[in-house]
Amino acid sequence: MKTFRLNVIPGDGIGVDVIREGRRVLDRIAEVSGGISFQYHELPWSCEYYLKHGKMMPADGMAILRDCDAILLGAVGFPGVPDHISLRQLLLPIRVEFDQYVNMRPVKMLPGLNSPLKNETMDFVCIRENSEGEYCGKGEWKNHGQADEMVMQHSIFTRKGTERILRYAFEYAKKNGKNHLLSATKSNALNYSMVFWDQIYDEVRQDYPDMTSAKMHVDALAGYFIMHPDRLQVVVASNLFGDILTDLGSAMLGSIGISPSGNINPARKYPSMFEPIHGSAPDIAGKGIANPMGTFWAISMMLEHLDCKEEADQIMTAMQHVLREGKAVTQDIGGKASTTEMTDAILAVL
Ligand code: NAD
Ligand code: IPM
Ligand code: MN
């Protein structure tokens with residue numbers, strides 16, 4: 001029996017609902033597999049925690065988090081605590097501290113989804129830089145309240161950070177039998193960051209002569225997502241561009257509630273973290289209607305990362321079965337089922 005130790009941060013809003021449902025799925029996987037089990041260490045770090053303690057996590061939070069096989073997170077951020085505080089004290093520092101510089105975000109149409117693009121072939125991955133770039137958090141705010149008030153928001157693109165994500169994307173493509181890669185740029189306007197990104201892309205691509213690759217300005221690429229999703233295989237993007245493109249990708253499937261996100265530390269020196277791509281959805285929090293599929297998909301990615309491919313596939317197969325048969329359809333994708341009913345339907349298949 002192999003026991004996986006999971007640090008679980010439900011977080012805020014619907015994060016709490018979807019993680020509760022995710023644990024039900026994991027429990028069932030443990031039951032039916034016979035060979036694996038999960039030990040959960042649930043951490044209450046959230047905006048509620050902040051309002052009580054004045055911080056999003058305790059001072060030794062990172063040390064507590066580090067000690068596990070993987071981290072499962074719901075969503076962070078809720079009205080009452082400014083987003084730049086909650087996110088910059090919890091989610092974003094975890095990605096940096098544990099060198100989770102790859103953010104893997106698959107965009108794959110599941111049969112049964114009722115998106116306007118449901119008849120398109122759509123099966124690609126976005127590989128998002130996850131540790132620097134536009135998210136470096138540095139800047140300046142000058143002359144508060146005066147006529148010449150100004151702010152500067154910096155981006156940091158290092159050679160190491162840029163090269164490793166581009167190389168990871170090419171390697172990923174090679175290992176997964178994909179022969180086409182697109183690099184998101186905006187070097188027509190961003191005359192430092194994206195000119196540098198393009199230059200390193202040009203260097204790295206020399207090592208992959210069998211791969212066709214191209215760069216595309218991110219605005220044009222957003223249009224290309226909608227017009228030609230069938231031509232996409234691997235998309236590599238900076239932190240901010242990847243963030244925006246992947247909400248678009250999930251919306252193309254029919255809802256922001258569907259897609260997963262794997263924050264990966266490729267060296268496996270630190271734990272990787274898995275979460276749905278969506279946020280805490282304050283507008284539907286507490287209503288019991290959130291779609292838990294993004295979390296189930298993230299759990300599937302986590303199991304694959306933990307070398308439990310069979311169990312990872314079981315979850316994806318169950319989700320597809322439920323969708324195809326219309327067994328439970330949440331409101332965001334055109335039905336009436338509650339969060340719990342969607343999970344019940346999936347457990348019935350598992
Ligand atoms: P959001 O993803 O929370 O919500 C956007 C819209 O999508 C809302 O209308 C919401 O109801 C809907 N939605 C999202 N997930 C859904 C689901 N599973 N099922 C059904 N509908 C769903 O984005 P937002 O409104 O920009 O952000 C809300 C808060 O969450 C903010 O504090 C934001 O910073 C935070 N956030 C956190 C994460 C994270 O922790 N990874 C990600 C995104 C946003
Ligand atoms: C995501 C989220 C975060 C991001 C926010 C909440 C900081 O949108 O995980 O996609 O931009 O990375
Ligand atoms: Mn996002």
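Residues numbered from 1 in each chain as written. Chains lettered and ligands numbered in written order. Predicted model: local features only at pLDDT ≥ 70, side-chain atom pairs only at ≥ 80, totals over all residues.

Asker: Tell me about helix H1 (residues 14-33), and please be specific about residues and values.
Answerer: Relative to the 28 Å expected for 20 residues at 1.5 Å per residue, H1 spans 28 Å between its end C-alpha atoms, a close match to the ideal helical length. Along H1, the positions that sit buried rather than exposed are Ile14, Gly15, Asp17, Val18, Ile19, Glu21, Gly22, Arg23, Val25, Leu26 and Ile29. Glycine 34 lies just past H1 and shows a positive phi near 80°. (Helix = DSSP H or I, 4+ residues; strand = E, 2+ residues; numbered from the N terminus. Expected span 1.5 Å × (residues − 1). Buried ≥ 20, exposed ≤ 12 C-beta atoms within 10 Å, placed from the backbone.)

Asker: Go over the nonpolar core with me, naming the residues and quoting the values.
Answerer: A general trend in soluble globular proteins is that nonpolar side chains are found buried together. Ranked by internal contacts, the top residues of the largest apolar core, which has 93 residues, are Ile127, Val235 and Val236. Residue contributions to this core peak at eight residues, all from helix H10 (residues 293-305). Two domains each donate at least three residues to this core, and these are domain 1 (1-101 + 261-350) and domain 2 (115-129 + 157-253). Setting aside anything within four residues of it in sequence, one finds isoleucine 127 in contact with Val102, Met104, Ile165, Tyr168, Ala169, Tyr172, Val234, Val235 and Val236. (Core = buried A, V, L, I, M, F, W, Y, C linked by C-beta atoms within 7 Å. Domains from an automatic or database assignment. Contact = placed C-beta atoms within 7 Å.)

Asker: Account for the pairing of strand S12 (residues 273-276), naming residues and giving values.
Answerer: Residue alternation in S12 divides its side chains into two sets, Met273 and Glu275 and Phe274 and Pro276, and both sets are buried. Pairing of strand S3 (residues 70-75) with S12, which is carried by two bridges, proceeds in the parallel orientation. Across the sheet, residue isoleucine 71 finds its bridge partner in S12, namely methionine 273. Sheet topology places strand S11 (residues 260-264) next to S12; four bridges connect them, and they run antiparallel. Counterpart to serine 261 in the pairing with S12 is glutamate 275. (Pairing = 2+ DSSP bridges.)

Asker: Any chance you could break down the confidence of the model for the protein chain for me, citing the residues and the numbers?
Answerer: For the protein chain, the mean per-residue pLDDT works out to 98, and 100% of the residues sit at or above 70. Here H1 is the element of the protein chain with the lowest mean pLDDT, 97, and strand S10 (residues 234-237) is the one with the highest, 99. Model confidence for the complex: the whole-complex pTM is 0.98, and ipTM, which rates the interface, is 0.99. (pLDDT = per-residue confidence, 0-100.)

Asker: Before we move on, can you summarise the site of ligand 2 with the specific residues and values?
Answerer: Taken together, the neighbourhood of ligand 2 is formed by Gly77, Leu87, Leu91, Leu92, Asp243, Ser261, Ile277 and Gly279. Its residues assigned to classes, the shell around ligand 2 shows four nonpolar, three polar and one charged. (Near = placed C-beta within 6 Å. Nonpolar A, V, L, I, M, F, W, Y, C, P; charged D, E, K, R; others polar.)

Asker: Let's hear about the environment of arginine 167: which residues, and what values?
Answerer: Within the element layout of this structure, arginine 167 appears in helix H6 (residues 159-175). Since 17 C-beta atoms lie within 10 Å of it, arginine 167 is described here as partly exposed.

Asker: Can you lay out helix H8 (residues 218-227) for me, pointing to particular residues and giving the numbers?
Answerer: Along H8, the residues classified as buried are Val218, Leu221 and Phe225. Summarising the axial view, the buried residues of H8 lie within an arc of 55°, below the 170-degree limit, and thus occupy one face. What points out from H8, more than 90 degrees from its buried face, is the exposed set Gly223 and Met227. Here the buried face of H8 lies against strand S8 (180-185), strand S9 (212-217) and helix H9 (239-253). (Arc of directions from axis to C-beta.)

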